[in-house]
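This is what each chain is made of:
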Amino acid sequence: MKKKLTIALVAHDRRKADMVDWVVYNAEFLSHHHLVCTGTTGSLVKRALLNEGIEPDITCMNSGPMGGDAEIAAMVVRKEINLAVFLIDDLNPQPHEADIMMLLRQCRIHNVPIACNRYSADLMITSTLWDDDSYVPTPPRYERFDRKAYSFLNNVSESDIERLL
């Protein structure tokens, strides 16, 4: 990849081991990009990369519950983040749920790709679209859906759909 990305890395406590494993697996790729992490995740990521012989370009924000998720969300709004990897602990309640939802929402609103599992993260970092200058991401459209404007879709029968499946 020619383009240098700013990648946000966030992981809840029960997902930090997953994040460290993912970072080590992708250390070569990540060594060419600027990383922005929440507090503890950033410390672990930095140690993991140093252990791989890589001096990371990394900025550590506050921990998530102390405002780190909100700080990264603000960077998303300012168009300072190209990609976010957020490994969420979906099995346990989080005291800062509102900040988590805010970060996810801002990524969706501002069209920043966000991976919430390792597989999605791997697919995103290996995309050739990052270096395709002709590719321009389509901004999200928040508008009322006009069923009449899409009435041509009614011409496709259920049997046509089933045959395609």
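Before any of the text, the structure's been laid out above.
Residues numbered from 1 in each chain as written. Predicted model: local features only at pLDDT ≥ 70, side-chain atom pairs only at ≥ 80, totals over all residues. Heavy atoms only, no water.

**Things to note about the layout of surface pockets**
For the largest pocket, the calculated volume is near 490 Å³. What lines the largest pocket is a set of 17 residues, and nearest its centre among them are Asn82, Asn111, Pro113, Trp130 and Pro137. Considered class by class, the residues forming the lining of the largest pocket number 9 nonpolar, 4 polar and 4 charged. Of the pockets and cavities examined, the second largest pocket occupies roughly 160 Å³. Lining the second largest pocket are 16 residues; nearest its centre among them are Ala11, Asp13, Lys16, Gly64 and Pro65. Sorting the residues of the lining of the second largest pocket by element identifies strand 1 (6–11) and helix 3 (39–51) as the ones contributing at least two each. Counting residues per element, the lining of the second largest pocket draws most heavily on helix 3, at 3 residues. When the residues that make up the lining of the second largest pocket are grouped by side-chain class, the tally is 4 nonpolar, 9 polar and 3 charged. (1 Å grid on protein atoms, 1.4 Å probe; cavity = no way out; pocket = protein on both sides within 12 Å on 5 of 7 lines; lining within 4 Å. Points joined across faces, edges and corners; volume = space filled by probe spheres on them. Nonpolar A, V, L, I, M, F, W, Y, C, P; charged D, E, K, R; others polar. Helix = DSSP H or I, 4+ residues; strand = E, 2+ residues; numbered from the N terminus.)

**Some thoughts on the nonpolar core**
Counting 23 residues, the largest nonpolar core has Ile7, Leu9, Met19, Trp22, Val23, Leu35 and Val45 as its most contacted members. Elements that contribute at least two residues to this core include exactly strand 1, helix 1 (16–25), helix 2 (27–30), strand 2 (34–37), helix 3, strand 4 (83–87) and helix 6 (118–125). In this structure, Ala8, Ala84, Leu104 and Val112 belong to the second largest nonpolar core, which totals 18 residues. (Core = buried A, V, L, I, M, F, W, Y, C linked by side-chain atoms within 4.5 Å. Buried < 20%, exposed > 50% of the residue type's maximum accessible area, 1.4 Å probe, protein only.)

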